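Chain by chain, the residues run as shown.
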Amino acid sequence: MARRISILGSTGSIGRQSLEVIAALGLSVGALTAHRNTALLEEQARAFSPELVVLTDPGAAKDLAVRLGDTPVRVASGPEGLLEAATLESVDTVLTAVVGSAGLEPTLAAIAAGKDIALANKETLVCAGALVTRAARERGVKLLPVDSEHSAIFQCLQGCAHRGEVRRLILTASGGPFYGKTRAELAGVTRKEALRHPNWSMGAKITIDSATMMNKGFEVMEAMWLYDLPLEQIDVVIHRESVIHSLVEFQDGAVLAQLGSPDMRLPIQYALTWPERKPGPAARLDLLRCPDLTFSPPDGVNFPCLELAREAARQGGVAPAALNGANETAVALFLEDKIGFLDIPRLCQAALAAAPKVEAPTLEDILAADAQGRALARKMV
Ligand code: NAD
Ligand code: MG
């Protein structure tokens, strides 16, 4: 089936690479959204002729409507615009590439409207994994992973009929720019150093999450929800080279891995062509030029965020949403040079400790915990 796609967050790192894949595969685009990058969204609208474009910033949207006045493309704005893009009649698939819990409500709306989700926005599953996976099951839509580790696992699980055959998932982690550093060294690292990821070029927020290892903690939760496995069956191993994107160990001892160049266009493409494979733009892996592959355990002492996320997963309820809200605020403050690198786990830990116990939380409970996590982090600075 040739998909018609809306991209939420088309001007970001994942959004731009998704459009490269869409162009290469000749797929069609229903809607594109961004926060306030008028110039790039105009360029994308002219290249892909979507029905609708949305800038959540109302002032920027007004400007874009004038710029696109000579085209039939409709322009909308605000959170309502985002919801409209997520539920557009003519579209069958919504690729969620906005950053943060801002992706949650549009994703739920897309599911309710019967759209398959190509999911990059992992914060959605971190905050509301139970709600989102239940909604997808009930509505009969697919959650197709875009995150490279989860795509690797998805690829390794093709042909696996029973989840009981899986012994464990092994998520690989590059370790980020600060792998091997001590707490004393980490206390003085700068925003610029934290933004220099060794293997991947990504948006600022996920790059900082990779440096703290919170990203890997979030990915553990993402894997729990996508593959319906308990925390104890999901391991993390440091693999500096980012050639093996993750592995599945089966009950008989067989271990399947997916290898490739660190290029997000491959997992993006697989989410859009699954269950088929097609030629595409992703870089090829040359085994003869590949570095030696190394593996080591994560360092939980100097990088406590992975364990904080595991603890949030253990607590369940709204704990992950509170942790995520605090983390989004802490990362934003770090990117504004307002706090140090080690303040990020400190604020996150406090928000997790303060998270209320809520069994089977509703969307309102989750949004409230997210807001509390943000407020607490801001208050502590
Ligand atoms: P990015 O910052 O490069 O892009 C974010 C996009 O979302 C932009 O188009 C921006 O305009 C839009 N946006 C930002 N805030 C918004 C808001 N409040 N409301 C509406 N739109 C908003 O981010 P990215 O690196 O492309 O990451 C996007 C998502 O994909 C994140 O959840 C990230 O964790 C996940 N992801 C990214 C990568 C990667 O390689 N970049 C890999 C795996 C997963
Ligand atoms: Mg990843």
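Residues numbered from 1 in each chain as written. Chains lettered and ligands numbered in written order. Predicted model: local features only at pLDDT ≥ 70, side-chain atom pairs only at ≥ 80, totals over all residues. Heavy atoms only, no water.

### Here we look at the domain arrangement of the chain
Point 1. Domain boundaries in the chain define domain 1 (4-145) and domain 2 (151-315).
Point 2. Placing a centre on the C-alpha atoms of domain 1 and another on those of domain 2 gives a separation of 25 Å.
Point 3. Of the residues lining the interface, 27 residues belong to domain 1; the matching set on domain 2 comes to 28 residues.
Point 4. Between domain 1 and domain 2 the total buried area reaches about 2200 Å² when both faces are included, carbon and sulfur atoms providing 76% of it.
Point 5. Three residues stand out in domain 1 for area buried against domain 2, namely Lys122, Val126 and Pro145, and they jointly supply 28% of the buried area on that side.
Point 6. Connecting domain 1 to domain 2 are 3 salt bridges.
Point 7. In this structure, Lys122 engages Glu219 in a salt bridge whose closest nitrogen and oxygen atoms are separated by 2.9 Å.
Point 8. In this assembly, domain 1 and domain 2 are joined by 5 residue pairs in polar contact (both at pLDDT 80 or more). (Domains from an automatic or database assignment. Contact = heavy atoms within 4.5 Å. Buried area = accessible area lost by both parts, 1.4 Å probe. Salt bridge = Lys/Arg side-chain N within 4 Å of Asp/Glu carboxyl O. Polar contact = N/O pair within 3.5 Å; in protein donor to acceptor, adjacent residues only side chain to side chain.)

### Side note on the pairing of strand β11 (residues 255-259)
Point 1. As paired strands, strand β10 (residues 244-250) and β11 are joined by 5 bridges and run antiparallel to one another. When the bridges of β11 are listed, Ile244 appears paired with Leu259.
Point 2. The loop that links β10 with its antiparallel partner β11 comprises 4 residues; one of these, Gly253, has a positive phi angle of about 100°. (Pairing = 2+ DSSP bridges. Helix = DSSP H or I, 4+ residues; strand = E, 2+ residues; numbered from the N terminus.)

### So, the site of ligand 1
Point 1. In the neighbourhood of ligand 1, 22 residues make up the surrounding shell, with Thr11, Ser13, His35, Glu123 and Gly203 lying closest.
Point 2. The separation between an oxygen atom of ligand 1 and a polar main-chain atom of Gly9 is 3.3 Å.
Point 3. In the environment of ligand 1, an oxygen atom lies 3.5 Å from a nitrogen or oxygen atom belonging to the side chain of Asn121.
Point 4. Computed on the free molecule, ligand 1 has an accessible area of 830 Å², of which 86% lies beneath the protein chains in the complex.
Point 5. At the level of elements, α1 (13-25) and α6 (122-139) are the ones that each hand at least two residues to the shell around ligand 1. (Near = heavy atom within 4 Å. Areas by Shrake-Rupley, 256 points an atom, 1.4 Å probe, with all protein chains shown as cover.)

### Observations concerning the coordination of the magnesium ion (ligand 2)
Point 1. Here the magnesium ion (ligand 2) is held by Asp147 (OD), Glu149 (OE) and Glu219 (OE), and the distances to it run 2.1 to 2.2 Å.
Point 2. In primary sequence terms, the donor set of the magnesium ion (ligand 2) follows D-x1-E-x69-E. With Glu149 in helix α7 (residues 148-156) and Glu219 in helix α11 (residues 214-227), the pair connects residues that are 70 residues apart, well separated along the chain. Glu219 carries the same exposure label as Glu149, and that label is buried. (Donors = N, O, S within 2.8 Å, 3.2 Å for Na, K, Ca; no water. Buried < 20%, exposed > 50% of the residue type's maximum accessible area, 1.4 Å probe, protein only.)

### Some details on the nonpolar core
Point 1. The biggest cluster of nonpolar side chains holds 120 residues, and the ones touching the most others in it are Leu95, Leu169, Tyr227, Leu272, Leu323 and Phe341.
Point 2. Looking at which element gives the most residues to this core, the answer is helix α14 (residues 319-335), with 10 residues.
Point 3. The residues that make up this core include at least three from each of domain 1 (4-145) and domain 2 (151-315). (Core = buried A, V, L, I, M, F, W, Y, C linked by side-chain atoms within 4.5 Å.)

### Some details on the sheet that holds strand β7 (residues 143-145)
Point 1. Read across the sheet, 7 strands follow the order β4-β3-β2-β1-β5-β6-β7 without closing on themselves; strand pairing throughout is parallel. Each having just a single partner strand, β4 (74-77) and β7 make up the two edges of the open sheet. When strand polarity is set aside, the average angle formed by the axes of neighbouring strands in this sheet is 20°.
Point 2. Helix-sheet contacts for helix α3 (residues 58-67) involve β3 (52-55) and β4, and the interaxial angle to β4 is about 170°. (Axes fitted to C-alpha atoms, helices over the stretch in contact; angles between N-to-C directions.)

### Side note on the pairing of strand β9 (residues 234-238)
Point 1. Taken across its 5 residues, β9 has 4 buried, putting it largely inside the fold.
Point 2. Pairing of strand β8 (residues 166-173) with β9, which is carried by 5 bridges, proceeds in the parallel orientation. The residue bridging Leu169 from the neighbouring strand is Ile234, located in β9.

### Points about the sheet that holds β11
Point 1. Sheet architecture is open: 4 strands sit in the order β9-β8-β10-β11, paired in mixed fashion. Across the chains shown, the open sheet's two edge strands, defined by having one partner strand only, are β9 and β11. Going across the sheet, the axis of each strand differs from the next one's by a mean of 20°, ignoring polarity.

### A few points about the packing of helix α15 (residues 343-354) against helix α16 (residues 363-380)
Point 1. One can describe the packing of α15 onto α16 by two numbers: an axis separation of 9 Å at closest approach and a directional angle of 130°. By the criterion of interaxial angle, the relationship of α15 to α16 is oblique. Crossing angle aside, the handedness with which α15 passes α16 is right-handed. Judged by residue contacts, Arg346, Leu347, Ala350, Ala351 and Ala354 of α15 engage Gly373, Leu376, Ala377 and Met380 from α16.
Point 2. Along the lines of polarity and charge, the residues of the contact of α15 with α16 split into 7 nonpolar, 1 polar and 1 charged. (Parallel < 35°, antiparallel > 145°, perpendicular 65-115°, else oblique. Left-handed = near helix turned anticlockwise from the far one by under 90°. Nonpolar A, V, L, I, M, F, W, Y, C, P; charged D, E, K, R; others polar.)

### With respect to α1
Point 1. Its 13 residues give α1 an end-to-end C-alpha distance of 19 Å, which sits within 8% of 18 Å, the value for a rise of 1.5 Å per residue.
Point 2. Considered for burial, the residues of α1 that qualify are Ser13, Ile14, Gly15, Gln17, Ser18, Leu19, Val21 and Ile22.
Point 3. In the core, the buried residues of α1 are packed alongside β1 (4-8), β2 (28-34), α2 (38-48), β5 (93-96) and α12 (265-273).
Point 4. At the C-terminal side of α1, Gly26 shows a positive phi close to 70°. (Expected span 1.5 Å × (residues − 1).)

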